[in-house]
Amino acid sequence: MWSPDEIASLCYNHFNKLPKRGKPEAGREWTLLAAVILLTDSSDQKTVNKQVVSLGTGTKCIGQSAMSMKGDILNDSHAEVVARRGCVRYLTEQLYRAVSGQSSDVFCPGSEEGKWTVKPGVSFLFFTSQTPCGDASIFPMTGGQAQPCEPVKAIQSEESERRGLKRHAESDLEETKQGQRIKTSDSHSSHRKSGDTEENKESNPLNEVLHRHPVEKVQTPDLHRTGAKCVPDGPADPLQPGLLYHSLGALRVKPGRGERTLSLSCSDKLARWGVLGFQGALLSHYLQAPVYFKAVVVGKCLYSHQAMQRALKTRCSEVKDLPSGFSVHDLEILQSGLEFPHNHTHTECKHTHTQGRISPCGAAISWCAVSQQPLDVTANGYKQGVTKKALGTSQARSLISKVELFHSFLKLVAATEDSQLPESLRGKDLKTYWDYKQAAGPYQQAWTQLRLQAFPLWPRGPRELLLFS
């Protein structure tokens, strides 16, 4: 019906058709891409119509001090988060069309009064050109793969120095059954142990053995690492050499340039959407059941299916006592063989020395299939090109910021006849984002169960949840 390569090609082609604004400069800047694809079965159910309904690019997060409690700044501009927020915008318009008596591509009336459900034959896929940051990016290196992160140095940091976690050159002699092959591993091949001088080199027993037998040099087994750091007050990474560098399954915040961020990793957010749905708390007022992604497709990149399973599914597999309709979704995880042409690897190939240093693109693109202003380009949490004078005004806000999504939700509520309002919204005069969000009882119950059973360190209060986004 569809293949991972079809999905990747559809997303890349859609990106190519977008205006130039916000796209990386060829040969100098790189970015990541994510998208949400609407699948609709044909009437004979022999074919599937595929449509990109939301697409996002981006690699940046703002620092903690730049965050706003008003929800008017886009804290997290990683492609996965931008694509999901754009899809919430799309779903809000589709619900608006439904409650207004217009045709909706997604929703039909549910069995409960004031509730809507996804049409039969309609489903959603999530595509990302790169393995999500955080837990899904931690897996053993194989073959001649290069380590994208810096190796563990002799003095890692104040913390590792305090613990005495220093990476030394290692050597190991091992006699195998197939010939007298000797394996050695040395993280710094040019480094000599104390006492291994020119005078005693020939008399060293190790050198005599190496001279007599063929030698196969192998690196100490190592992990692909993530720049995402364990959440504050949680278990820390051991930072030991090789496979012991990271803790697995931990909640992580994304790295920032200089100041630490409060944006949780994309691995953590995808795992959350796999239990609560990706529609969010506001739209849960209108929906009879959560909306889940049918599958996640990853583009060609460094990838581990086992790590993806662990990060997106296994960590939440034991969550129980969820409200009706919520479940640990059985997400299908697939990889495409097609690489995003604007990723770091391709940018390096096109780079020339006259272009300066290669860097991540500072802009984030959000496009979604809505009738008004489908394209939204941001930088540093605000609309790209906004002047300092406009900061703090509606002109500076991204259309996928929390406050703008909330205003779209208020228009949906205003368009709904009183008799058709969901029970949770009747007789309410709620003015703030958090009032509406917390009124979605079953969603909040499911969120509480997920936090208690799978992610106990996930921030809990309204203030913390608004910041950790």
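Up top is the structure.
About the criteria used
Residues numbered from 1 in each chain as written. Predicted model: local features only at pLDDT ≥ 70, side-chain atom pairs only at ≥ 80, totals over all residues. Heavy atoms only, no water. Helix = DSSP H or I, 4+ residues; strand = E, 2+ residues; numbered from the N terminus. Contact = heavy atoms within 4.5 Å. Areas by Shrake-Rupley, 256 points an atom, 1.4 Å probe, with all protein chains shown as cover. Phe/Tyr/Trp six-rings, centres within 6.5 Å; stacked < 30°, edge-to-face > 60°. Buried < 20%, exposed > 50% of the residue type's maximum accessible area, 1.4 Å probe, protein only. Lys NZ or Arg CZ within 6 Å of the ring centre and 35° of its normal. Pairing = 2+ DSSP bridges. Axes fitted to C-alpha atoms, helices over the stretch in contact; angles between N-to-C directions. Core = buried A, V, L, I, M, F, W, Y, C linked by side-chain atoms within 4.5 Å. Expected span 1.5 Å × (residues − 1). Salt bridge = Lys/Arg side-chain N within 4 Å of Asp/Glu carboxyl O. Right-handed = clockwise from strand over helix to strand, strands pointing away. 1 Å grid on protein atoms, 1.4 Å probe; cavity = no way out; pocket = protein on both sides within 12 Å on 5 of 7 lines; lining within 4 Å. Points joined across faces, edges and corners; volume = space filled by probe spheres on them. Nonpolar A, V, L, I, M, F, W, Y, C, P; charged D, E, K, R; others polar.

## Some thoughts on the overall build of the protein
In step 1: A tally of regular secondary structure across the protein gives 13 helices and 20 strands.
In step 2: Taking the contacts inside the protein whose residues are at least 6 apart along the sequence as the reference set, 69% of them involve residues at least 24 apart.
In step 3: When the accessible area of the protein is evaluated, it comes to approximately 23100 Å², of which 49% is carbon and sulfur surface.

## Quick notes on the packing of aromatic side chains
In step 1: Under the definition given, this model contains 12 aromatic pairs.
In step 2: When the ring of Tyr286 is compared with that of Phe409, the centres are 6.1 Å apart and the planes differ by 85 degrees; the resulting orientation is edge-to-face. One end of the pair, Tyr286, is in the loop between helix 7 (280-284) and strand 15 (293-298); the other, Phe409, is in helix 10 (residues 402-415), and 123 residues separate them in sequence. No difference in accessibility class separates Tyr286 from Phe409, as the two residues are buried.
In step 3: The ring of Phe15 has Lys23 lying over it, and the distance from NZ or CZ to the ring centre is 4.6 Å.
In step 4: Over the ring of Trp447 we find Arg451; its NZ or CZ atom is 5.2 Å from the centre of that ring.

## Description of the sheet that holds strand 18 (residues 363-368)
In step 1: The strand order across the open sheet built from eight strands is 16-15-8-2-3-18-19-20, with neighbouring strands paired in mixed fashion. In the strand order of this sheet, the two ends are held by strand 16 (332-335) and strand 20 (382-383), each with one partner.
In step 2: Of the pairings in the sheet, the one linking strand 18 to strand 19 (residues 375-379) comprises five bridges and is antiparallel in character. Bridge assignment links Ala363 to a residue of strand 19, and that residue is Ala379.
In step 3: The strands that helix 8 (residues 305-312) touches are strand 15 and strand 16; relative to strand 16, the one it contacts most, it runs at about 150 degrees.

## Quick notes on the nonpolar core
In step 1: Grouped together as the largest cluster of nonpolar side chains are 76 residues, with contacts concentrated most on Phe124 and Tyr286.
In step 2: Top contributing element to this core by residue count: helix 2 (residues 79-99), with nine residues.
In step 3: The residues contacting Tyr286, other than those within four sequence positions of it, are Leu95, Val99, Gly114, Lys115, Trp116, Phe409, Leu412, Val413, Thr416, Leu421, Pro422 and Leu425.
In step 4: The next biggest cluster of nonpolar side chains, apart from the first, holds 28 residues, and it includes Val275, Leu276, Trp447 and Leu450.

## Here we look at helix 10
In step 1: Here helix 10 is 14 residues long and its end C-alpha atoms lie 20 Å apart, about the 20 Å a rise of 1.5 Å per residue gives.
In step 2: When helix 10 is considered as a whole, its buried residues turn out to be Lys402, Val403, Glu404, Leu405, Phe406, Phe409, Leu412 and Val413.

## Re the pattern of salt bridges
In step 1: Taken as a whole and assessed by the stated rule, the structure comprises 13 salt bridges.
In step 2: With its nearest N and O atoms 3.0 Å apart, the salt bridge here joins Arg28 to Glu25.
In step 3: Judged by relative accessible area, which is 22%, Arg28 ranks as partly exposed.
In step 4: On the basis of relative accessibility, which here comes to 37%, the residue Glu25 falls in the partly exposed class.
In step 5: Note that Arg397 and Glu404 form a salt bridge whose closest N and O atoms lie 2.8 Å from each other. Comparing Arg397 with Glu404, the two get one shared label, buried.
In step 6: Overlapping salt bridges bring together Glu25, Arg28 and Glu29 as one network.

## Side note on helix 6 (residues 266-276)
In step 1: Among the 11 residues of helix 6, 11 are classified as buried, and the element is accordingly described as predominantly covered.
In step 2: Turning to helix 6, its buried residues are Cys266, Ser267, Asp268, Lys269, Leu270, Ala271, Arg272, Trp273, Gly274, Val275 and Leu276.
In step 3: Positioned one or two residues after helix 6, Gly277 has a phi angle of 85 degrees, which is positive.

## Quick notes on the pairing of strand 16
In step 1: Pairing between strand 15 and strand 16: four bridges, direction parallel. What sits directly across from Val296, in strand 16, is Ile333.
In step 2: Each parallel crossover has a hand, and the one from strand 15 via helix 8 to strand 16 is right-handed.

## Points about the environment of His353
In step 1: Looking at the secondary structure, you find His353 in the loop between helix 9 (344-350) and strand 17 (359-360).
In step 2: Residue His353 is classed as exposed on the basis of its relative accessible area, which comes to 75%.
In step 3: Placed 326 residues apart in sequence, His353 and Gly27 show a C-alpha to C-alpha distance of 9.8 Å.

## Brief notes about empty space enclosed by the protein
In step 1: One pass over the full model with this rule turns up four cavities of 30 Å³ or more.
In step 2: Estimated volume of the second largest cavity: approximately 50 Å³.
In step 3: The element that contributes the greatest number of residues to the lining of the second largest cavity is helix 9, accounting for three residues.
In step 4: Here the lining of the second largest cavity is built from residues that sort into two nonpolar, four polar and three charged.

## Topic: the side chain of Ser123
In step 1: Within the element layout of this structure, Ser123 appears in strand 8 (residues 122-128).
In step 2: Taking the relative accessible area as the measure of exposure, Ser123 reaches 18% and is therefore buried.
In step 3: Every residue in contact with Ser123, bar those within four places of it in the chain, is listed here: Ile37, Leu38, Leu39 and Lys294.

## A few points about the environment of Leu243
In step 1: With respect to the helices and strands, Leu243 occurs in the loop between strand 13 (229-230) and strand 14 (252-253).
In step 2: You can call Leu243 partly exposed: its relative accessible area is 43%.
In step 3: Measuring from C-alpha to C-alpha, the distance between Leu243 and Arg225 comes to 9.8 Å, with 18 residues separating the pair along the chain.
In step 4: With residues near it in sequence (within four places) discarded, Leu243 still touches Pro140, Pro221, Asp222 and Leu223.

## Things to note about the pairing of strand 2 (residues 33-41)
In step 1: Strand 2 sits mainly inside the fold: seven of its nine residues count as buried.
In step 2: Note that strand 2 and strand 3 (residues 48-57) share nine bridges and pair antiparallel. By the bridge assignment, Leu33 is partnered in strand 3 with Thr57.
In step 3: Hairpin remark: strand 2 followed by strand 3, antiparallel, with six residues in the connecting loop; positive phi at Gln45, about 60 degrees.

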